[in-house]
Amino acid sequence: MLDCLGYNLLNKIIYIMGVSGCGKTTIGTLLSKQTGYPFYDGDQFHSLSNIDKMAMGIPLNDNDRIPWLNSIKEFAEKKVVDSSIIIACSALKQPYRDILSNIPFANCQFVLLQGAEALLLERLQKRVGHFMQANLLTSQLNILEIPSNALVIDIDQAPSKIVEQIIEELPITLSMQEFGLIGLGVMGKSLSRNFANNGFKLSLYNRYVKGKEEKVAELFVAEFPELENAKAFEDLTEFIQSLSLPRKIMLMVHAGEATDDIIEQLIPLLDKGDVLIDGGNTHYLDTEKRLARLSNLGIHFIGAGVSGGEEGALRGPSIMPGGSLEGYLLIQPFFEKIAAINNNGINCCKYIGEAGAGHFVKMVHNGIEYAEMQLLAELIQFLKVSGGFTNDLIALLLQPFLQTNKSSYLLEITIQILQKKREGQYLVDQILDNAGNKGTGSWTTIEAAKWGVPIPTLTAALNARFISSMWEERRQAAATMLTTTQKQPIDINEVMEAYQLCRIINHHQGFQLIEFVSKQQGWNINLPSLAEVWTAGCIIRSKLMEELKVLLSDSSNLLLHPSIVQQCNGAVDSLKQMLAIALATDLPMDCFSASAQYLFAYKQAESGASLIQAQRDFFGAHTYQLKEDPKGPFYHTNWQET
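Residues numbered from 1 in each chain as written. Predicted model: local features only at pLDDT ≥ 70, side-chain atom pairs only at ≥ 80, totals over all residues. Heavy atoms only, no water.

Caption draft 1: Region of the structure containing the overall build of the chain. The number of helices and strands found in the chain is 26 helices and 14 strands. Radius of gyration (C-alpha) of the chain: 34 Å, far over the 26 Å computed for a compact globule of 642 residues. Its C-alpha atoms put the chain at 120 × 65 × 50 Å along the principal axes. Surface summary for the chain: the accessible area is close to 30,600 Å², and the carbon and sulfur share equals 52%. Taking the average location of the 53 positive side-chain charges in the chain and that of its 69 negative ones, the two points are 3 Å from each other. (Helix = DSSP H or I, 4+ residues; strand = E, 2+ residues; numbered from the N terminus. Rg over C-alpha atoms; globule rule 2.2 N^0.38 Å. Areas by Shrake-Rupley, 256 points an atom, 1.4 Å probe, with all protein chains shown as cover. Lys, Arg positive; Asp, Glu negative; His and termini not counted. Charge placed at Lys NZ, Arg CZ, Asp CG, Glu CD.)

Caption draft 2: Focus on the packing of helix α19 (residues 456–468) against helix α21 (residues 492–521). For the pair α19 and α21, the least separation of the axes is 8 Å and the interaxial angle reads 105°. Of the possible angle classes, the one that applies to α19 and α21 is roughly perpendicular. Here α19 contributes Pro456, Thr457 and Leu458 to the contact with α21, which in turn contributes Ile505, Asn506, Gln509 and Gly510. Its residues placed into classes, the contact of α19 with α21 shows three nonpolar, four polar and no charged. (Axes fitted to C-alpha atoms, helices over the stretch in contact; angles between N-to-C directions. Parallel < 35°, antiparallel > 145°, perpendicular 65-115°, else oblique. Contact = heavy atoms within 4.5 Å. Nonpolar A, V, L, I, M, F, W, Y, C, P; charged D, E, K, R; others polar.)

Caption draft 3: A look at unusual backbone geometry. A positive phi is found at Asp586, a non-glycine position, where the angle reads about 55°. By the secondary structure assignment, Asp586 is in the loop between α24 (562–584) and α25 (590–602). Although it is not a glycine, Thr623 sits at a positive phi angle of roughly 70°. Within the element layout of this structure, Thr623 appears in the segment after α26 (609–620).

Caption draft 4: Just the pairing of strand β6 (residues 179–182), in detail. Residues Phe179 and Leu181 line one face of β6 and the alternating positions Gly180 and Ile182 line the opposite face, and both faces are buried. As paired elements, β6 and strand β7 (residues 202–205) share four bridges and run parallel to each other. From the neighbouring strand, Leu181 faces β7, where its bridge partner is Leu204. As for the winding sense of the linkage, the β-α-β connection from β6 through helix α8 (residues 186–197) to β7 is right-handed. Here three bridges tie β6 to strand β9 (residues 248–251), and the two strands are oriented parallel to one another. Across the sheet, the residue bridging to Gly180 is Ile249, located in β9. (Buried < 20%, exposed > 50% of the residue type's maximum accessible area, 1.4 Å probe, protein only. Pairing = 2+ DSSP bridges. Right-handed = clockwise from strand over helix to strand, strands pointing away.)

Caption draft 5: Spotlight on the environment of Phe466. Turning to its location among the elements, Phe466 is positioned in helix α19. Counting along the chain gives 177 residues from Phe466 to Lys289, while the straight-line C-alpha distance between them is 30 Å. For Phe466, the residues in contact, after removing those within four places along its chain, are Asn437 and Ser442.

Caption draft 6: View of the side chain of Thr445. Within the secondary structure, Thr445 sits in helix α18 (residues 440–451). In this view, Thr445 contacts Ile455, Thr459 and Leu462; residues no more than four positions away in its chain are not counted.

Caption draft 7: View of empty space enclosed by the protein. Per the stated rule, a full pass over the model turns up one cavity of 30 Å³ or more. Taken as a whole, the largest cavity encloses approximately 70 Å³ of empty space. Considering the residues around the largest cavity, the lining is formed by Phe382, Pro489, Ile490, Asp491, Glu494, Val495, Ser574, Gln577, Met578 and Ile581. Mapped onto the lining of the largest cavity, the elements with two or more residues apiece are α21 and α24. (1 Å grid on protein atoms, 1.4 Å probe; cavity = no way out; pocket = protein on both sides within 12 Å on 5 of 7 lines; lining within 4 Å. Points joined across faces, edges and corners; volume = space filled by probe spheres on them.)

Caption draft 8: Local environment of the sheet that holds strand β4 (residues 107–114). Strand order in the open sheet made by the five strands is β2-β3-β1-β4-β5, with parallel pairing throughout. The outermost strands of the open sheet, each flanked by one partner alone, are β2 (39–41) and β5 (151–154). Averaged over neighbouring strand pairs, the angle between their axes works out to 20° when direction is ignored. Pairing of strand β1 (residues 12–17) with β4 involves six bridges; the strand directions are parallel. Among the inter-strand pairings, Met17 is bridged to a residue of β4, identified as Leu112. In the packing of helix α7 (residues 159–169) onto the sheet, the strands contacted are β1, β4 and β5, and the crossing angle to β5 comes to about 160°.

Caption draft 9: View of the side chain of Ser407. Note on placement: Ser407 falls in the loop between α16 (391–398) and α17 (409–419). Apart from the residues lying within four places of it in its own chain, the contact partners of Ser407 are Phe401, Leu402, Ser542, Lys543 and Leu544.

Caption draft 10: Representation of the packing of α8 against helix α14 (residues 325–338). Closest axis-to-axis distance for the α8/α14 pair is 9 Å, and the angle between their directions is 100°. For the element pair α8 / α14, the angle class is roughly perpendicular. When α8 is examined against α14, the residues Leu191, Asn194 and Phe195 are found in contact with a partner set consisting of Phe334, Phe335 and Ile338. For the contact of α8 with α14, the per-class residue count stands at five nonpolar, one polar and no charged.

Caption draft 11: Main features of the nonpolar core. Judged by nonpolar contacts, the single largest core of 82 residues is most densely connected at Leu379, Phe382, Phe511, Trp534 and Phe592. Here this core gets 14 residues from one element, more than from any other, and that element is helix α15 (residues 357–385). Core analysis: the next-biggest nonpolar cluster, separate from the first, contains 45 residues, Val80, Tyr96, Ile155 and Ile166 among them. (Core = buried A, V, L, I, M, F, W, Y, C linked by side-chain atoms within 4.5 Å.)

Caption draft 12: Representation of the packing of aromatic side chains within the structure. Per the stated rule, a full pass over the model turns up 19 aromatic pairs. Ring geometry for Phe233 versus Phe239: centroids 6.2 Å apart, planes at 75°, classification edge-to-face. A single burial state applies to Phe233 and to Phe239, both of which are buried. Through a chain of ring-to-ring contacts, the aromatic side chains of Phe179, Phe195, Phe200 and Phe334 assemble into a single cluster. Across the ring face of Tyr426, the terminal group of Lys421 is positioned such that the distance to the ring centre comes to 5.0 Å. (Phe/Tyr/Trp six-rings, centres within 6.5 Å; stacked < 30°, edge-to-face > 60°. Lys NZ or Arg CZ within 6 Å of the ring centre and 35° of its normal.)

Caption draft 13: Representation of the sheet that holds strand β11 (residues 300–307) within the structure. Strand order in this open sheet of seven strands is β8-β7-β6-β9-β10-β11-β12, and the pairing throughout is mixed. Looking at strand neighbours, the two that pair on one side only are β8 (231–233) and β12 (318–323), the edges of this open sheet. Here the strands of the sheet are splayed against their neighbours by 25° on average, with no regard to which way each runs.

In structure tokens:
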């Protein structure tokens, strides 16, 4: 069976053959290191009687060799099922080779190592601790039958050159790699090292741009010992040809046009059944378009959200794959091996759902992340401005909460950030207060508005970043407008209760958005399973997420869960008090305020929306329904009629 490039797809048995002293073990060992195929020495299958005869300088006959050869053949039959293998065996006569190669489901190939008798004898005389006596060399040479279908190599050259020649001249898939990765930016490099550390043979590709991006993959492979078995490429065709079928290729390039460009380059080089994985921060609708196109070509496409940053990608990220289920099953062993493991020993990689489900939940993850970061920024600013606390004091006050249900990765790194100094001054206070964003937060807000799902806490975090970018105007305003700066007494425990309440509301909004869109799209996303994916590896991992995984198993509506209702009722006064202090000191609390307003609106049985519906009906005849029959008919009133 041949693939499109003419490679035989059967697993191989490469027999390194020849008389004693030709270097079968040395070459087999080196070839194994180059290819990754296991090496076995045929001498280990000799019976004790065979070993005793050779140790006494008595040549073996066919009655001695046939059982030995059958033992090697039976062993090879079992091992070659899993992978190609290399075996050192003298295999001096054609009938011997017929026994060894009688394995129909394997591609058996022989490499004869041949040398002058004087060189062979010299090697044998120097060899120590081997049962094969030098005086048996002549008997072996006398019965050696040169095979007509073997690769014959002169041993009078360096072993590395011999191995090089074997790899170059045998038409086999020895150099085929298991997994390919395109794009060696920060995340691509970390993921590559993660794959390599977990034992996978990689092909790595990075584009060539003269004077800017040259030998990126080659230099990267040379830098890290764990990439010893990885192969580096700047030529896309060579990269593709290095991969075993079906090919599994992960794209770690910029979202949008760059991803489309590389896919267009790949399509002519790929075969049906290959798997492409987009691991970037891609909009889920782009993923769905690419999925539809590639499916028509018989290529599996996976949109995989990957969270954890540079360190997470290296040590174990949270992975959210969606798209082709058949394609996912082909890459599942790879992703599950590199993913984070949570405190319960559960792997943080789960198939999310069809189409763009994986990238959609990663988008919402980032929206939640925006709000989690903004809540901490507001918390720290509140303690500094309203409480007059120093960075060191804040870090000291927050440290104990890492041992409570308020602990999170973001809280942990915030404490570290607060204490970092540069030239004797706190570094965080020297950083320009202009927060960047890469689009996923905006996408989350846009999608929520499109589907009509309220996420004010997440949206407030996005708006806060936009306002931060107006830093020049803010400084002008601060110089001319009056601001109240009176310090207030602060209770850190009450502040943290308010903070935790807002975090719950933030997560509730995110999961509500995911559930709603999942139902509309028919993705059937399992919220408890998704929460578990987010318990380790990702940026929003926390004790709260571990709790939410359990609560979501009871109800998808977190704010109506009895334990959450109890927390809300117990913490709402702390939130009110915190906001009152902030208001009195002119301190913006975007996410705290948005969370409070959402909670107040959520638990308001009677809202002001009745007036809005009346207004809409007044000027636009949009109709309304009655409270006494909320699912009943729609009415219109002539409001100007007396």
